[in-house]
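Results of the structural survey
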Amino acid sequence: MQYRTTKRESFFLIIYTVYMIVLLLSQTAFEEMGAASSIFKYVRYLCYFLAALLILQDSYREKQIWGVAILGVLTVGTVVCSGNSTFILYLIMILAAKEVNVRTIVKLTCIIQGAMLLSIVVMSQIGIIPDYIFDASTRQRHGLGFLWTTTGAILYFYFMVLYIYLREERAHLIEYVILEAVNFGLYKLTDARMSFYLSTLLLVYVYVMRFYWQNRKNRIRKNRLLIGAPAFFCILAVACQIFYIPTDARWQKINSVLSGRLELGCFGWRDYGFSLLGTNYVDCSYMQILLENGLIPLVIIIAVYTYIMYMAVKEKDFYLQTAVLLITAFSITEPRLLNLAYNPLPFFGITYISL
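Residues numbered from 1 in each chain as written. Predicted model: local features only at pLDDT ≥ 70, side-chain atom pairs only at ≥ 80, totals over all residues. Heavy atoms only, no water.

Attention now goes to the pattern of salt bridges. Counted according to the given criterion, the structure contains four salt bridges. The closest approach of N and O atoms between Arg 167 and Glu 175, which form a salt bridge, is 2.9 Å. For Arg 167, a relative accessible area of 24% gives the class partly exposed. For Glu 175, a relative accessible area of 14% corresponds to the buried category. (Salt bridge = Lys/Arg side-chain N within 4 Å of Asp/Glu carboxyl O. Buried < 20%, exposed > 50% of the residue type's maximum accessible area, 1.4 Å probe, protein only.)

What follows covers the side chain of Glu 175. Topologically, Glu 175 is positioned in helix H7 (residues 173–190). Here Arg 167 takes part through its side chain, which lies 2.9 Å from a polar atom of the side chain of Glu 175. Look past the residues within four positions of Glu 175 in its chain and what remains in contact with it is Tyr 163, Arg 167 and Arg 170. (Helix = DSSP H or I, 4+ residues; strand = E, 2+ residues; numbered from the N terminus. Polar contact = N/O pair within 3.5 Å; in protein donor to acceptor, adjacent residues only side chain to side chain. Contact = heavy atoms within 4.5 Å.)

What follows concerns the side chain of Glu 9. Residue placement: Glu 9 occurs in helix H1 (residues 2–25). Summary of buried charges: Glu 9 has no salt-bridge partner, and the nearest side chain of opposite charge, Arg 8, is 8.1 Å away. Apart from residues no more than four positions distant in its own chain, Glu 9 is found in contact with Val 100, Asn 101 and Thr 104. (Lys, Arg positive; Asp, Glu negative; His and termini not counted.)

Here we come to the packing of H7 against helix H8 (residues 193–213). Closest axis-to-axis distance for the H7/H8 pair is 9 Å, and the angle between their directions is 165 degrees. On the basis of their axis angle, the class for H7 and H8 is roughly antiparallel. The way H7 lies across H8 gives a crossing that is left-handed. Listed contacts from H8 to Leu 173, Tyr 176, Leu 179, Glu 180, Asn 183, Phe 184 and Tyr 187 of H7 are Arg 193, Ser 195, Phe 196, Tyr 197, Ser 199, Thr 200, Leu 203, Val 206, Tyr 207 and Arg 210. Its residues assigned to classes, the contact of H7 with H8 shows 10 nonpolar, four polar and three charged. (Axes fitted to C-alpha atoms, helices over the stretch in contact; angles between N-to-C directions. Parallel < 35°, antiparallel > 145°, perpendicular 65-115°, else oblique. Left-handed = near helix turned anticlockwise from the far one by under 90°. Nonpolar A, V, L, I, M, F, W, Y, C, P; charged D, E, K, R; others polar.)

Here we take up helix H6 (residues 151–167). With 17 residues, H6 extends 24 Å between its outermost C-alpha atoms, agreeing within 8% with the 24 Å of an ideal straight helix rising 1.5 Å per residue. Burial runs high along H6: 15 of the 17 residues are buried. Once H6 ends, the next one or two residues include Glu 168, with phi positive near 50 degrees. (Expected span 1.5 Å × (residues − 1).)

In total, this model carries 23 aromatic pairs according to the counting rule given. Pairing Phe 12 with Tyr 16 gives two aromatic rings, centres 5.9 Å apart and planes at 10 degrees, and the pair type is stacked. With Phe 12 and Tyr 16 both in helix H1 and four residues apart, the pair spans about one turn of that helix. We note that Phe 12, like Tyr 16, is buried. Here the aromatic rings of Phe 232 and Phe 233 are separated by 5.4 Å at their centres, their planes lie at 65 degrees, and the arrangement is edge-to-face. Put simply, the rings of Phe 157, Tyr 158, Phe 330 and Tyr 342 touch in pairs and so form one group of aromatic residues. The residue whose ring lies beneath Arg 336 is Tyr 342, and the NZ or CZ to ring-centre distance is 4.6 Å. (Phe/Tyr/Trp six-rings, centres within 6.5 Å; stacked < 30°, edge-to-face > 60°. Lys NZ or Arg CZ within 6 Å of the ring centre and 35° of its normal.)

With that settled, consider the environment of Phe 157. Relative to the assigned elements, Phe 157 resides in helix H6. Among the residues examined, Phe 157 registers a relative accessible area of 0% and is labelled buried. Along the sequence, Phe 157 and Phe 196 sit 39 residues apart, while their C-alpha atoms lie 7.6 Å from each other.

It is worth spelling out the packing of helix H2 (residues 36–57) against helix H4 (residues 86–95) at this point. Taken N-terminus to C-terminus, the directions of H2 and H4 make an angle of 50 degrees; their axes are 8 Å apart at the nearest point. As far as their axial angle goes, H4 and H2 are oblique. Remark: the crossing between H2 and H4 carries left-handed chirality. Along its contact with H2, which presents Tyr 45, Cys 47, Tyr 48, Ala 51, Ala 52 and Ile 55, the element H4 presents Leu 89, Tyr 90, Ile 92, Met 93 and Leu 95. Of the residues assigned to the contact of H2 with H4, the class counts are 11 nonpolar, no polar and no charged.

Let us now look at the environment of Cys 110. Note on placement: Cys 110 falls in helix H5 (residues 102–125). Sequence separation between Cys 110 and Leu 162 is 52 residues; the distance between their C-alpha atoms is 6.0 Å.

And the structure:
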């Protein structure tokens, strides 16, 4: 039994590695080279197919079977109503990780993200792939090999969150300094403000808390207020975009700080509305899921994140608490709450629920 479990875990990690690399490559200039886009797509679907085979060969308890069945019906309904299969495909990959050590997944994700980011940026600077320049007449924002100027900086934000989570208190000051130096360099090249601010906040907050804990017997207390953070950020993001008033000066200032996300979300809401099972797409993670996949998938996703935070608080895992807090906050302006190439946190959900 032990050999079977180990073999299954290895097979999933191979699938996930290929999947992550291809998913990240599709965000780069390679996507526009020849038949690369089609190849990336076929490889992704092959990974989903292999992950589905893993799910089918697993054994389930009766309650788990009913849970998967209900979730499957809701997911199929989402696909039928929205015409978008993203939610069910991500769900397949997450369910396939049921018997895999989640820390191994996070470590693998962090390594691939760091290696891919470094490789793509280097290749863009030596001419293998183009370094697209955006807003050339004003800010000279570099794509650094990616299809959009903020993608590299956003990938680095998630890499930092995972790196700090994995290193915990073992990280030295020099590591924080190097991380922030790279963060600042990416900011100057891309002008990706939100990812820069939150990355800096992450480093300062975690390092300050380490000093605060020194010589304290009860280092981390159970702050149950954090359990409501995913729902709070979701409600805040959706409410602000629904009630946004384009002619109000105060709303305009907030919209400017958020790089126009409020206005885009507001127009998406007003033009398309939303249903229980989805119709359309916008930028903010919460509004995007609401419009593209529907209310029910959004509730499921927020419930999973709430449960992850609950377990992090229960186990006094400060670094997981910080990761969930920052990623759910960042999702107000970025659509990667459920993008596994950037954000592996949903895997914690299947791990905790399985346990």
